[in-house]
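Each chain is listed here by its residues.
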Amino acid sequence: MALKLEDIGKIAAQVLKKMVQLKSAKFNDLADEGITATQAKNAFGRLESMGLMQSPTEFRGPWKITPKGVALVIGRPDPQPQPQPEPQPEPQPEPEPEPEPQPEPQPQPQPEPQTMRITNQQAAEIMAAMEFQTALDHVRARLSVHQIPARAAYTYWQILEVLPKPLVDALMPITQLVDE
């Protein structure tokens, strides 16, 4: 069954008729036909999917109507695709001589992994940091369960004022909970 102009919709048909006159256009070029840029964009996309329009070949370039689109508007049957000439067979290249077999490369010995040694002081610092994080997580969990009384928040802010900057920064997650 052949495609008819009525089959593509009212706006798409208007767009296609105008495109026969213009040969190429952008979305805004159809405003004098009472078609918004959005309607034109949608129609262009639908018509392109049907093979009736061709999208721009350059950035923000004009859309073009295809011969199939012109044929639909003027009422001629779809143009028949031109037969492609049969490709000429390529001459067979001469086979290349087989390469000489290469000896298999010997696998490189893997270096033994080095064990990392840390001092007792470094281990103590790591443990202290882990304990601090655990304590912060515990405080966060307790703070998120209940609302903080105004008096406790006031006291917390007074304590923060006298603490050194690194400690205030470390307490930032708790400070955010107190602010809520």
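Residues numbered from 1 in each chain as written. Predicted model: local features only at pLDDT ≥ 70, side-chain atom pairs only at ≥ 80, totals over all residues. Heavy atoms only, no water.

### Notes on the overall build of the chain
Working step 1: Along the backbone of the chain there are seven helices and three strands.
Working step 2: Its helices and strands in sequence order give the chain the pattern α-β-α-β-β-α-α-α-α-α, from N to C terminus.
Working step 3: The buried share among the 180 residues of the chain stands at 19%.
Working step 4: Long-range contacts, defined here as pairs at least 24 residues apart, represent 48% of the contacts in the chain between residues at least 6 apart.
Working step 5: Accessible surface, the chain: about 15,200 Å² in total, of which carbon and sulfur atoms supply 56%. (Helix = DSSP H or I, 4+ residues; strand = E, 2+ residues; numbered from the N terminus. Buried < 20%, exposed > 50% of the residue type's maximum accessible area, 1.4 Å probe, protein only. Contact = heavy atoms within 4.5 Å. Areas by Shrake-Rupley, 256 points an atom, 1.4 Å probe, with all protein chains shown as cover.)

### Side note on the side chain of threonine 175
Working step 1: The topology assignment puts threonine 175 in helix α7 (residues 172–179).
Working step 2: Here threonine 175 falls in the buried class, since its relative accessible area comes to 7%.
Working step 3: Residues in contact with threonine 175, not counting those within four places in the same chain, are Tyr156, Trp157 and Leu160.

### Structural notes on the confidence of the model for the chain
Working step 1: Mean pLDDT over the chain works out to 79, with 85% of the residues at or above the 70 mark.
Working step 2: Within the chain, the element-level pLDDT minimum falls on strand β1 (residues 24–25), averaging 80, and the maximum on helix α6 (residues 165–170), averaging 89. (pLDDT = per-residue confidence, 0-100.)

### Focus on the sheet that holds strand β3 (residues 63–65)
Sheets are built from strands that pair by backbone hydrogen bonding, the pairs being arranged parallel or antiparallel.
Working step 1: Here three strands make up an open sheet; going across it, the order is β1-β3-β2 and the pairing antiparallel. Of all the strands in the sheet, just β1 and β2 (53–54) have a single pairing partner and so form its edges.
Working step 2: The strands that helix α1 (residues 10–22) touches are β1, β2 and β3; relative to β3, the one it contacts most, it runs at about 90°. (Pairing = 2+ DSSP bridges. Axes fitted to C-alpha atoms, helices over the stretch in contact; angles between N-to-C directions.)

### Considering the packing of α1 against helix α3 (residues 67–74)
Working step 1: One way to put it is that α1 packs onto α3 with a least axis distance of 10 Å and a crossing angle of 110°. Between α1 and α3, the angle is such that the two are roughly perpendicular. Contact with α1, carried on its side by Leu16, Lys17 and Val20, involves Gly69, Val70, Leu72 and Val73 of α3 and no other residues of that element.
Working step 2: By residue class, the composition of the contact of α1 with α3 is five nonpolar, one polar and one charged. (Parallel < 35°, antiparallel > 145°, perpendicular 65-115°, else oblique. Nonpolar A, V, L, I, M, F, W, Y, C, P; charged D, E, K, R; others polar.)

### Quick notes on a nonpolar patch on the surface
Working step 1: On the surface, a nonpolar cluster with roughly 550 Å² of combined accessible area is contributed by Met116, Ile118, Ile126, Met127 and Met130.
Working step 2: As for its position among the elements, methionine 127 is in helix α4 (residues 120–145).
Working step 3: With a relative accessible area of 44%, methionine 127 lands in the partly exposed category. (Patch = residues over 30% accessible without salt bridge, like charges linked within 9 Å, V, L, I, M, F, W, Y side chains within 5 Å. Salt bridge = Lys/Arg side-chain N within 4 Å of Asp/Glu carboxyl O.)

### Quick notes on α3
Working step 1: Within α3 the residues assigned to the buried category are Gly69, Val70, Ala71 and Leu72.
Working step 2: The inward-facing, buried residues of α3 abut α1 and β3.
Working step 3: The first or second residue beyond α3 is glycine 75, which carries a positive phi of 85°.

### Quick notes on the pattern of salt bridges
Working step 1: The full count for this structure, using the stated rule, is one salt bridge.
Working step 2: For aspartate 169, the salt bridge identified is with lysine 165, shortest N-O distance 3.0 Å. Note that aspartate 169 and lysine 165 are positioned in helix α6 at a spacing of four residues, about one turn of the helix.
Working step 3: Accessibility expressed as a relative area gives 38% for aspartate 169, which makes it partly exposed.

### Overview of the packing of aromatic side chains
Working step 1: For the structure on display, the rule yields two aromatic pairs.
Working step 2: Their ring planes at 50° and their centres at 5.2 Å tell us that phenylalanine 44 and tryptophan 63 sit as a pair that is tilted. Of this pair, phenylalanine 44 sits in helix α2 (residues 37–49) while tryptophan 63 sits in strand β3, and the two are 19 residues apart along the sequence. The same class applies to phenylalanine 44 and to tryptophan 63, which are both buried.
Working step 3: Both rings, one in tyrosine 156 and one in tryptophan 157, keep their centres 6.2 Å apart while their planes meet at 75°; by these two values the pair is edge-to-face. (Phe/Tyr/Trp six-rings, centres within 6.5 Å; stacked < 30°, edge-to-face > 60°.)

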